[in-house]
Every structure is written in C-alpha cells, then in structure tokens.
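Here are the chains, one letter per residue:
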Amino acid sequence: MTRVVKALTIAGSDSGGGAGIQADLKTFQELGVYGMSALTAVTAQNTLGVQAVYPLESEAVTAQLDSIGADLQPDAVKTGMLFSSEIIRIVAGKIRQYGWNSLVVDPVMVAKGGSPLLQQEAVRALIAELLPLALVVTPNIPEAEILTGMTISGLPDRERAARLLHAMGPQYVVLKGGHDDGTSGVLDLLYDGQEFIYMDGPRIATRHTHGTGCTYSAAIASGLAKGNTVTEAISTAKAFIQAAIEDSLGFGAGHGPTNHFAYGNRHRGILP
Ligand SMILES: Nc1ncnc2c1ncn2[C@@H]1O[C@H](COP(=O)(O)OP(=O)(O)OP(=O)(O)O)[C@@H](O)[C@H]1O
Ligand SMILES: Cc1ncc(CO)c(N)n1
C-alpha cells in the first residue's frame, strides 16, 4: 500500500470557508495530502469581514494537539491564526514535544478587512517561541514590519527585513508581496540565509483574495509533507495560489474566496 502523507494545520476556523482551517484542509486535499486540524479559535466571518472571534480555551488546544501527537504523526505542520500568547506557548510546546520539524509558520495578524486575529501582546511570544521552530515563515509586508519593527518600502528594505526575520530562527523566509502597492506585478522574496531569490509574477486584478495567505502556506506545507525540498514546495504553492486567484469563485459582496479546485482542475484537465 502507498504511504499516505499527512499534514496538520493549527489555525482558526473561518465560517465563510475561504481562509483559516477550511482553506488549509481544502488545499491539503487538492494536493493529495491527508489533512488534520487543531482549532485555536472560531471566527464568525464572511467576505465582508470578521463579525466575531471566539478563542478556544487552552485545554481545548492542548487536547487536540495531544490526540494528534499520540497517534497520528503529521509529515508537516502549518500554523495560522493563533490569537494569544497563551495559545502560542501551548502550540510551540507541543511542536517541540512531538518533534514536528517540517513547520510552516504563517504569522497571521490581521484579516483583510482590518480585524485583529492576533492580540498585540502576542507578537513577542510569536517571535520568542514559534519562529525559532519554523522551517519556513511566510509574512506579508505589514506582518514583516511588525515582526522586525522596521518600515519596508523598497527592495533593499525587503532584503533587510528578510535578514532580520531569518536571524529570528526560521531557515527560510518568504516575504510575500501580495498586498496591493499599486504595481502591476507581485514580488515574493525567498531568503535562505545565503541568497535572495525574487519570485515575480503578474498581479491578478481581482478583489477576491480572501484567504490567499492561508492557502499559500498550506500548499507549502503539503509539498514539505510529500518530502519535496522547500524550493520545490514553494514553487508548486505559487502555481496553486496563482490558479486559485485567477479562477476565483466570485462569491459574496466583499473579498470573495479563491478557487481551491483550480490547480487540480488544470492538472486533471477538468474544467472548473
Ligand atoms: N492579486 C494577486 N495576484 C497574484 N498573486 C497574488 C495576488 N495577491 C496575492 N498573491 C500571492 O498570493 C500569495 C499570498 O500572499 P498575500 O500577500 O496575499 O498573503 P496575505 O496577505 O498573508 O494573505 P491573507 O490576507 O489571506 O492573510 C503570495 O504568493 C502572493 O504573491
Ligand atoms: C480564521 C482566519 N485565519 C486567517 C485569516 C487570514 O486570511 C482569516 N481571515 N481568518
């Protein structure tokens, strides 16, 4: 029997299904990876924004991670919305305890509409507890600014920020350029501690980008779970998110979800 590859997402629930745990599980499934989840918070959310956030109690987060750790070893793990320093400490402790090494940390802080998904006081715990465990960290520019304390405008700033982030522990830094800065392209920067690799692509003109960061980091974790190198995993993840944005579903009055079927449809030759 072929070995089934497993990935775990530790993140919040998005009732609208476009981001968070839902985006992660859909992405794992599409990339042929068995998905597991540990919820950190429940959000009431749609394409217009976040209407409410209910963090889970520490015991609930601990119990989920122990159930998985005791029986179902994931081949890769990603973290998304963690909300509080208390949850970050639990998650980091369990990752250490169970030796989950292929870790992608998406340092989720704010939803597209501006609602906080991480308490301000938790940024220090993220830096101190979680970043040192990460194989890959995937901040967008505003998140990188908060983590490094610097303002990022030009490319030299991005490189400086990537160096600072790398010094915080992650072996690979992916500084994403998805946030609309008025340019016609999107420039993601990959830094492995030695060289900078710029990954550029066209900016797809759409407002339907809800959950792009979650989907992208889940796709990276899927590649790592399959034993791909970080560079291979990032390259597939980029193709996955690009297809998902290009063929976005167009639901909702606000920022609609991306299309998690798109990449698989193209590869299987089935129309969306
Ligand atoms: N309009 C776009 N066109 C092409 N690629 C995009 C676009 N928006 C985002 N991306 C790509 O999607 C990936 C996720 O990046 P993004 O910067 O949107 O994450 P994020 O801001 O963390 O998302 P989220 O708001 O869901 O947390 C990156 O590889 C980025 O380059
Ligand atoms: C639950 C959740 N996690 C992450 C994001 C960031 O896109 C979101 N909007 N909701």
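Residues numbered from 1 in each chain as written. Chains lettered and ligands numbered in written order. Predicted model: local features only at pLDDT ≥ 70, side-chain atom pairs only at ≥ 80, totals over all residues. Heavy atoms only, no water.

Caption draft 1: Here's a closer look at the site of ligand 2. If you check the shell around ligand 2, you find Gly12, Ser13, Ala19, Gly20, Gln45, Met81, Val108, Ala111, Leu117, His210 and Cys214 and nothing else. Protein chains bury 93% of the 290 Å² of accessible surface belonging to ligand 2 in isolation. Partitioned by chemical class, the residues of the shell around ligand 2 number six nonpolar, five polar and no charged. (Near = heavy atom within 4 Å. Areas by Shrake-Rupley, 256 points an atom, 1.4 Å probe, with all protein chains shown as cover. Nonpolar A, V, L, I, M, F, W, Y, C, P; charged D, E, K, R; others polar.)

Caption draft 2: Main features of the site of ligand 1. What surrounds ligand 1 is a group of 17 residues, the closest being Lys112, Lys176, His179, Val186 and Asp188. With respect to ligand 1, the side chain of lysine 112 contributes an N or O atom lying 2.8 Å from an oxygen atom. With respect to ligand 1, the side chain of lysine 238 contributes an N or O atom lying 2.9 Å from an oxygen atom. Contact with the protein chains hides 94% of the accessible area of ligand 1, taken as 620 Å² for the molecule alone. Broken down by secondary-structure element, the contributors of at least two residues to the shell around ligand 1 are strand E8 (185–191), helix H7 (212–225) and helix H8 (230–246). A breakdown of the residues in the shell around ligand 1 according to their chemical character gives six nonpolar, six polar and five charged. (Polar contact = N/O pair within 3.5 Å; in protein donor to acceptor, adjacent residues only side chain to side chain. Helix = DSSP H or I, 4+ residues; strand = E, 2+ residues; numbered from the N terminus.)

Caption draft 3: Spatial organisation of the environment of isoleucine 197. Examined against the element boundaries, isoleucine 197 turns out to sit in strand E9 (residues 196–202). Relative accessible area serves as the criterion here: at 33%, isoleucine 197 is assigned to the partly exposed category. With 23 residues separating them along the chain, isoleucine 197 and valine 174 place their C-alpha atoms 9.5 Å apart. Excluding anything up to four places from it in sequence, isoleucine 197 contacts Asp188, Leu189 and Leu190. (Buried < 20%, exposed > 50% of the residue type's maximum accessible area, 1.4 Å probe, protein only. Contact = heavy atoms within 4.5 Å.)

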